[in-house]
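A structural walkthrough
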Amino acid sequence: MFSLIALSGCGKDPTADLGTAVTVTGTITLDSKPSDGVEVIFKRLDAGAPAEYRQYVATTDSAGKYSLENVYPAKYAVMVNEKKDEKAEEEGGAAAFETGPYKKYGVNSELTAEVTEANKTFDFELTSK
């Protein structure tokens, strides 16, 4: 007699309880001017997701626009940093995000975004003062 056992997978899908992923878009401006080439980081505020789904990073284009793919609904802390100048850092210079005009929007940023299937566009008008 022959018996067949079907296995539907060894583990649970780690994203099954996270909702439907969306593309988050927006624009970053500093003092009313588009922020070109800055890093935008969305960091999930709860621990309810696997590590690879807790942080998303994009770089703005010349119009200050960014796009983050496959972001799951949640509340996120939002950080904006100038990209590190690797050469200056190697020569002992301070990283741009520690001293530049975006300093208050880095690790101590108070910016947040509540991502949902319907709410997925976030424009941030920042000031250097």
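The structure we're discussing is the one just above.
Read on for an overview of the structure.

About the criteria used
- Along each chain, numbering runs from 1 in the same order as the chain's sequence is written.
- A pLDDT threshold of at least 70 governs which residues receive local features in this predicted model, and a stricter bar of 80 or more applies before side-chain atom pairs are shown or counted, although totals over entire chains, interfaces and linings include all residues.
- With hydrogens and water set aside, each side-chain value is computed from the structure's full complement of heavy atoms.
- Each helix is a run of H or I in the DSSP string that is no shorter than four residues. Each strand is a run of E no shorter than two, and both are numbered from the N terminus.
- When accessible area is computed with a 1.4 Å probe and restricted to protein chains, residues below 20% of their type maximum are described as buried, those above 50% as exposed, and intermediate ones as partly exposed.
- It only takes one pair of heavy atoms within 4.5 Å for two residues to be counted as in contact.
- Here, Shrake-Rupley sampling with a 1.4 Å probe gives the accessible areas, and only protein chains in the shown set may cover a residue.
- Any N or O atom pair separated by 3.5 Å or less is treated as a polar contact, with the protein-specific requirement of one donor-capable and one acceptor-capable atom, and with residues adjacent in sequence counted only for side-chain atom pairs.
- Salt bridges are defined as contacts in which a side-chain nitrogen from Lys or Arg sits within 4 Å of a carboxyl oxygen from Asp or Glu.
- Two strands form a pair only when DSSP identifies at least two bridges running between them.

Turning next to the overall build of the chain. Summing up its helical and strand segments, the chain has 2 helices and 8 strands in all. For the chain, the succession of helices and strands along the chain, N to C, is β-β-β-β-β-β-α-α-β-β. Residues counted as buried form 34% of the 129 residues belonging to the chain. Taking contacts inside the chain between residues at least 6 apart in sequence as the whole, the part at least 24 apart equals 71%. About 8300 Å² of surface is accessible on the chain, with carbon and sulfur atoms providing 50% of the total.

Turning next to the side chain of T60. With respect to the helices and strands, T60 occurs in the loop between β4 (55-59) and β5 (65-71). Among the polar contacts listed, one links the side chain of T60 to the backbone oxygen of S35, at a separation of 2.5 Å. Contacts of T60, omitting those with residues within four sequence positions, involve I28, S35, D36, G37, V38, V40, K65 and Y66.

Looking now at the pattern of salt bridges. Applying the stated criterion across every chain, the model contains 1 salt bridge. Between R44 and D46 there is a salt bridge; the shortest N-O distance is 2.4 Å. Residue D46 is classed as partly exposed on the basis of its relative accessible area of 37%.

Moving on, we get to the pairing of strand β1 (residues 22-30). Along β1, 7 of the 9 residues are buried, which leaves the element largely enclosed by surrounding structure. When β1 meets β5, the two strands line up antiparallel, connected through 5 bridges. Following the sheet pairing, V24 is matched in β5 by L68. Strand direction decides the pairing type here: β1 and strand β2 (residues 33-34), joined by 2 bridges, are antiparallel. If you follow T29 over to β2, its bridge partner there is P34. In this antiparallel pair of consecutive strands, β1 and β2, the connection spans 2 residues, and D31 shows a positive phi of 50 degrees.

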